[in-house]
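A look at the structure
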Amino acid sequence: MNDELRELYQQVILDHNKSPRNFRVIEHANHHSEGYNPLCGDRIDVFIDVEEGIVKDISFQGSGCAISKASASLMSSTVKGKTVDEAEKLFEKFHSLITGKADGDPEELGKLAVFAGVRDFPARVKCASLAWHTMINALKKEKDVVTTE
Ligand code: ZN
């Protein structure tokens, strides 16, 4: 990782921690999933509202380390407005990038490219990918109807 990218990485992480995007609950979300990364203790809830194959709205809630939070924030702002198909492809590209299987196209990945830095830290890969795994999981199933009433 060169100095420029490392600096950008730190800026992005700090920025998204300070003001995470889409950090809220979507009451009417038709997809929802919970993610947990026991290695670090990161917990996340992802809410997605899909209409006609498009991610109309996406949000998250949870608590975790700076990387997991920044990644969830960036994931949500990247995926919003995309088709479900595009969201799944982005997940694959992002996953290849952070696990070092591919470098990824910076133009296509945009700010997500800064996460390439975590590939040298296997424990951090889990933090960076948690929101993405949870998003994919949420897309695959309808919202669990669980009620205590
Ligand atoms: Zn973490």
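In this report, the structure presented in the accompanying data block is examined. (Residues numbered from 1 in each chain as written. Predicted model: local features only at pLDDT ≥ 70, side-chain atom pairs only at ≥ 80, totals over all residues. Heavy atoms only, no water.)

Looking now at the pairing of strand 2 (residues 42-51). Consecutive side chains of a regular strand alternate in pointing toward one face of the sheet and then the other. Counting buried positions along strand 2 gives seven out of ten residues, so the element sits mostly inside the fold. One ladder, built from seven bridges, connects strand 1 (residues 31-37) with strand 2; its direction is antiparallel. Within the sheet, the bridge partner assigned to Ser33 lies in strand 2 and is Val46. Hairpin geometry of strand 1 and strand 2 is characterised by an intervening segment of four residues between the two adjacent antiparallel strands and by a positive phi of about 90° at Gly41. The sheet contact formed by strand 2 and strand 3 (residues 54-63) spans nine bridges and is antiparallel. Paired with Arg43 across the two strands is Ser63, which belongs to strand 3. In this antiparallel pair of consecutive strands, strand 2 and strand 3, the connection spans two residues, and Glu52 shows a positive phi of 50°. (Buried < 20%, exposed > 50% of the residue type's maximum accessible area, 1.4 Å probe, protein only. Helix = DSSP H or I, 4+ residues; strand = E, 2+ residues; numbered from the N terminus. Pairing = 2+ DSSP bridges.)

Another point: the packing of helix 3 (residues 84-99) against helix 5 (residues 122-140). At a minimum axis separation of 10 Å, helix 3 and helix 5 run at an interaxial angle of 160°. Here helix 5 runs roughly antiparallel to helix 3, going by the angle between their axes. Of the two elements, helix 3 crosses helix 5, and the hand of that crossing is left-handed. Across the interface between the two elements, Val84, Ala87, Glu88, Leu90, Phe91, Phe94, His95, Ile98 and Thr99 of helix 3 pack against Val125, Ala128, Ser129, Trp132, His133, Met135, Ile136 and Leu139 of helix 5. (Axes fitted to C-alpha atoms, helices over the stretch in contact; angles between N-to-C directions. Parallel < 35°, antiparallel > 145°, perpendicular 65-115°, else oblique. Left-handed = near helix turned anticlockwise from the far one by under 90°. Contact = heavy atoms within 4.5 Å.)

Here we come to the coordination of the zinc ion. Distances from the zinc ion to its protein donors, namely Cys40 (SG), Asp42 (OD), Asp42 (OD), Cys65 (SG) and Cys127 (SG), fall within the range 2.2 to 2.7 Å. Between the donor residues of the zinc ion, the gaps in sequence give the motif C-x1-D-x22-C-x61-C. Separated by 87 residues along the polypeptide, Cys40 in the loop between strand 1 and strand 2 and Cys127 in helix 5 bring together distant segments of the chain. Take Cys40: its relative accessible area is 35%, and that puts it in the partly exposed class. In this structure Cys127 comes out as buried when scored by relative accessible area, which is 1%. (Donors = N, O, S within 2.8 Å, 3.2 Å for Na, K, Ca; no water.)

Turning next to the sheet that holds strand 1. One open sheet accounts for three strands, arranged 1-2-3; its pairing is antiparallel. Of all strands in the sheet, those bounded by a partner on one side alone are strand 1 and strand 3. For this sheet, the mean angle separating the axes of adjacent strands, direction not counted, is 20°. Contacts from helix 2 (residues 66-79) reach strand 2 and strand 3, with the element oriented near 170° to strand 3.

Once that is clear, we can look at the pattern of salt bridges. A complete count under the given rule lists five salt bridges for this structure. With its nearest N and O atoms 2.9 Å apart, the salt bridge here joins Asp57 to Arg24. A residue pair is termed long-range when its members are at least 10 positions apart, and Asp57 in strand 3 and Arg24 in the loop between helix 1 (3-18) and strand 1 qualify at 33 residues. Between Asp57 and Lys80 there is a salt bridge, and its shortest N-O distance comes to 3.4 Å. Here Asp57 is found in strand 3, whereas its partner Lys80 is found in the loop between helix 2 and helix 3, with 23 residues between them in sequence. The buried category is assigned to Asp57, whose relative accessible area is 15%. You can call Lys80 partly exposed: its relative accessible area is 35%. (Salt bridge = Lys/Arg side-chain N within 4 Å of Asp/Glu carboxyl O.)

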